[in-house]
Amino acid sequence: MRTHDIGSWPRNATLASSEGRGWSNIHAALIAVDTWAGELTPVGNPCLGYCVSRPARIRRRVSRGGRVEDATLRPRQFHLIPGLEASEWHRHGRSEMLTLYLRQERLDEMAGRICSAHVGRVELEVPLGVNDPLLEQLALSVLTVLRDREDGSSQIYADELAHAAYAHVVRSYTAAGRSSRIGEDTSAAPEHLLHRVCEMIADRLAEELPLDLLACEAGLSPRSLSRAFNRRFGMSVHQYILSQRILRAKELLISTDLPIAEVALETGFSSQSHLAATFRKHMGVTPGLFRSTSD
């Protein structure tokens, strides 16, 4: 299987690899990855990256002219190296990463089986820094096999884990898979999935929260998530996030002595002036005046 051979790059090191083990549907490697920047050319097979230890700051752009994603990739989070498009990367920090290369033809076959139709070439859409408990368990199981001494059952076990991973990522991270899931149970999706998205927003309020990342967490398209938020809360996803940030800022202003600049960063605002302008617009007063009158 074609890969980017990341472990052979300068300052990187391959700690364990499935190379030569006869794994037919997945190529796995545990790699110590250091700071670097550059463009990755497509190799035809997408790569899921799972952060095993130590965070790293990553900026990613898929295809020239595409949207830039900028986030801290923390342990237990995933990212994607696309298999069919070039991608630009700026990485700062040394982490242990588990790389999982999947065969594109197997993804296409799985998409056809899940959708009961020929869907052609499918592309994974995995936001930078996404948490996925099921995919994590599969990744950790692969990592366990990778670290263990090879025996007669490891190849069979690895291929079965790969099969489950293919089914999960197609259902969760492709347009065809999401459409199939929504079509099967549209009425049950909003309340259950909105709760998950709201929890994610609350947990990661200080970070960037793009719509496509939240939609991916819910297993919905961005448009479907937007409609669900409007029905449930009477506001857009962006407005909901803003309301939660202002609410958190009010709590910090009342209950802590943090400088207003730090309150801004803790609540996802880019600067103190950004917080002040938004706070005044919604509350009618500046953060400083709100704090002084709340004592």
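Cut-off values and rules
- Within every chain, residues take consecutive numbers counted from 1 along the sequence as written.
- Predicted model: local features are reported for residues with pLDDT of at least 70 only, side-chain atom pairs are reported and counted for 80 or more only, and whole-chain, interface and lining totals are derived from all residues.
- The basis for every side-chain value is the complete set of non-hydrogen atoms in the structure, without hydrogens or water.
- Helix and strand definitions here come from DSSP, where helices need a minimum of 4 consecutive H or I residues and strands a minimum of 2 consecutive E residues; each element is numbered from the N-terminal end.
- Both definitions apply: the radius of gyration is a C-alpha atom measure, and the globule rule equals 2.2 Å times residues to the power 0.38.
- Categorising residues by exposure relies on relative accessible area from a 1.4 Å probe, with only protein chains included: less than 20% of the type maximum marks a residue as buried, more than 50% marks it as exposed, and the intermediate range marks it as partly exposed.
- Here a residue-residue contact requires only that any non-hydrogen atoms of the pair lie within 4.5 Å.
- Positive charges are assigned to Lys and Arg, negative charges to Asp and Glu, while His and the chain termini are left out of the count.
- To locate a charge, take atom NZ for lysine, CZ for arginine, CG for aspartate or CD for glutamate.
- Only protein atoms enter the 1 Å grid, on which a cavity is a set of points fitting a 1.4 Å probe that cannot get out and a pocket is an open set with protein on both sides within 12 Å along at least 5 of 7 lines, lining residues being those with an atom within 4 Å of a point.
- Grid points are joined across faces, edges and corners, and a volume is the space filled by probe spheres set on the points.
- For Phe, Tyr and Trp, rings pair up if their centres lie within 6.5 Å, where Trp contributes its six-membered ring, and each pair is then called stacked (planes under 30 degrees apart), edge-to-face (over 60) or tilted (otherwise).
- Any two strands are treated as partners once DSSP identifies two or more bridges connecting them.
- The axes are straight lines fitted to the C-alpha atoms, using for helices just the contacting stretch, and the angles between their N-to-C directions are given from 0 to 180°.
- Here roughly perpendicular refers to angles of 65 to 115 degrees, roughly parallel to angles under 35, roughly antiparallel to angles over 145, and oblique to all remaining angles.
- Left-handed describes a crossing in which the near helix is turned anticlockwise from the far one by less than a right angle; the clockwise case is right-handed.
- Note that Gly is not counted as nonpolar here; it falls among the polar residues with everything else outside the nonpolar set of Ala, Val, Leu, Ile, Met, Phe, Trp, Tyr, Cys and Pro and the charged set of Asp, Glu, Lys and Arg.
- We call two N or O atoms a polar contact when they sit within 3.5 Å, provided that within protein one can donate a hydrogen and the other can accept it, with sequence-adjacent residues counted only if both atoms are side-chain atoms.

Now for the overall build of the chain. For the chain, the helix and strand inventory stands at eleven helices and nine strands. Against the compact-globule benchmark of 19 Å for 295 residues, the chain has a radius of gyration of 21 Å, which places it among compact chains. For the chain, the C-alpha atoms occupy an extent of roughly 70 × 45 × 35 Å along the three principal directions. A total of 295 residues make up the chain; the buried ones form 46% of that total. A fraction of 70% describes how many contacts in the chain between residues 6 or more apart in sequence connect residues 24 or more apart. Charged side chains in the chain number 35 positive and 35 negative. The centres of these two groups are separated by 4 Å.

For the structure on display, the rule yields two cavities of 30 Å³ or more. Taken as a whole, the largest cavity spans an internal volume of roughly 150 Å³. Together, 14 residues line the largest cavity, and Ile6, Val33, His79, Ile81 and Arg91 are the ones closest to its centre. Only strand 3 (36–40), strand 4 (47–53), strand 7 (78–81), strand 8 (87–92) and strand 9 (95–102) provide two or more residues apiece to the lining of the largest cavity.

Below, the discussion takes up the packing of aromatic side chains. Per the stated rule, a full pass over the model turns up six aromatic pairs. Geometrically, the ring pair formed by Phe233 and Tyr240 is tilted, given 4.8 Å between the ring centres and 35° between the ring planes. What makes Tyr240 buried here is its relative accessible area of 11%. Through a chain of ring-to-ring contacts, the aromatic side chains of Phe229, Phe233 and Tyr240 assemble into a single cluster.

Bringing the sheet that holds strand 9 into the picture now. Strand order across the open sheet formed by five strands is 1-2-9-4-7, with antiparallel pairing between neighbours. Of all the strands in the sheet, just strand 1 (13–17) and strand 7 have a single pairing partner and so form its edges. Put simply, the sheet's adjacent strands are angled 30° from each other on average, direction ignored. Pairing of strand 4 with strand 7 involves four bridges; the strand directions are antiparallel. Of the residues in strand 7, the one forming a bridge with Tyr50 is Phe78.

Their axes nearest at 9 Å, the elements helix 1 (residues 104–115) and helix 3 (residues 154–173) cross at an angle of 65°. The angle between helix 1 and helix 3 falls in the class roughly perpendicular. Seen from above, helix 1 lies across helix 3 with right-handed handedness. In contact with Arg106, Leu107, Met110, Ala111, Arg113 and Ile114 of helix 1, helix 3 contributes His163, Tyr166, Ala167, Val169, Val170 and Arg171. A class-by-class count of the residues in the contact of helix 1 with helix 3 yields eight nonpolar, one polar and three charged.

What follows covers the sheet that holds strand 5 (residues 56–62). Read across the sheet, four strands follow the order 3-8-5-6 without closing on themselves; strand pairing throughout is antiparallel. A single partner strand is all that each edge strand has here, and the edge strands are strand 3 and strand 6 (68–73). Recorded for the sheet is a direction-independent mean angle of 15° between the axes of neighbouring strands. One ladder, built from six bridges, connects strand 5 with strand 8; its direction is antiparallel.

Before going further, it helps to examine the side chain of His4. Tracing the chain through its elements places His4 in the segment before strand 1. Within the structure, His4 has its side chain in polar contact with the backbone oxygen of Thr41 (distance 2.8 Å).

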